[in-house]
Every structure is written in C-alpha cells, then in structure tokens.
Amino acid sequence: MARNNNKLLVPGARNAMEQMKEEIANELGVQPGADTTARENGSVGGEMVKRMIQIAEENMQNKNQ
C-alpha cells in the first residue's frame, strides 16, 4: 500500500480535507478507496482542486477590496 507523504501546513487541515473529500464523493456518487477505479477517485481529487482554487481566488479578491 502506498504511503501518503503529503505534509499539510495548517494544523487541523487534514480533517477539513477528509470532510471535503467525503462531501464531494457523496455528490458525485463515488465511494473513494482501493476498490474504486482510478477515474472515479481522480474525479473526486479533481473536484477538490477546483474548489480549493475557487476558495483561494475568492480570498484573494476579498483581500484586495
């Protein structure tokens, strides 16, 4: 089994990331895990990235106002 070497910089971020993953997986009707196809798992990860970029862009706009 692959080991996750990602290091999160914000304490507590892991829980928020897991919650986001579960919410998106539920929305997409995907049960993430080893028995799920790479395409399905990837769709969850891709949607997570899209949403994080959207949040970051909104935060940047708010700081510039």
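This write-up is about the structure you can find in this document. This structure is a prediction, so every number in the text was calculated from the model and none was measured. (Residues numbered from 1 in each chain as written. Predicted model: local features only at pLDDT ≥ 70, side-chain atom pairs only at ≥ 80, totals over all residues. Heavy atoms only, no water.)

Of the regular secondary structure elements, the chain holds two helices and zero strands. Oriented by its inertia axes, the alpha-carbon framework of the chain measures out at about 45 × 25 × 15 Å. Working note: accessible area of the chain is about 5700 Å², and carbon and sulfur atoms make up 52% of it. Computing the positive centroid from 8 side-chain charges and the negative centroid from 9, the chain places the two 9 Å apart. (Helix = DSSP H or I, 4+ residues; strand = E, 2+ residues; numbered from the N terminus. Areas by Shrake-Rupley, 256 points an atom, 1.4 Å probe, with all protein chains shown as cover. Lys, Arg positive; Asp, Glu negative; His and termini not counted. Charge placed at Lys NZ, Arg CZ, Asp CG, Glu CD.)

A word on the packing of helix 1 (residues 13-28) against helix 2 (residues 38-64). Contact geometry of helix 1 with helix 2 gives a least axis separation of 9 Å together with a crossing angle of 120°. By the criterion of interaxial angle, the relationship of helix 1 to helix 2 is oblique. You can see that helix 1 and helix 2 cross each other, and the crossing is right-handed. Here helix 1 contributes Met17, Met20, Lys21, Ile24, Ala25, Glu27 and Leu28 to the contact with helix 2, which in turn contributes Ser43, Val44, Glu47, Met48, Arg51, Met52 and Ile55. Grouping the amino acids of the contact of helix 1 with helix 2 by side-chain chemistry returns nine nonpolar, one polar and four charged. (Axes fitted to C-alpha atoms, helices over the stretch in contact; angles between N-to-C directions. Parallel < 35°, antiparallel > 145°, perpendicular 65-115°, else oblique. Left-handed = near helix turned anticlockwise from the far one by under 90°. Contact = heavy atoms within 4.5 Å. Nonpolar A, V, L, I, M, F, W, Y, C, P; charged D, E, K, R; others polar.)

This next bit is on helix 1. The terminal C-alpha atoms of helix 1, which comprises 16 residues, lie 22 Å apart, in line with the 22 Å expected from a rise of 1.5 Å per residue. What helix 1 keeps buried is the set Ala13, Met20, Ile24 and Ala25. The arc enclosing the buried residues of helix 1, seen along the axis, measures out at 130°, which places them on a common side. Opposite the packed face of helix 1, turned more than 90 degrees from it, sit the exposed residues Asn15 and Asn26. (Expected span 1.5 Å × (residues − 1). Buried < 20%, exposed > 50% of the residue type's maximum accessible area, 1.4 Å probe, protein only. Arc of directions from axis to C-beta.)

Right, let's talk about the environment of Ile53 for a bit. Its place among the elements puts Ile53 in helix 2. Using a relative accessible area of 46% as the deciding quantity, one classes Ile53 as partly exposed. Taking the C-alpha atoms as reference points, Ile53 and Gly33, separated by 20 residues in sequence, lie 24 Å from one another.

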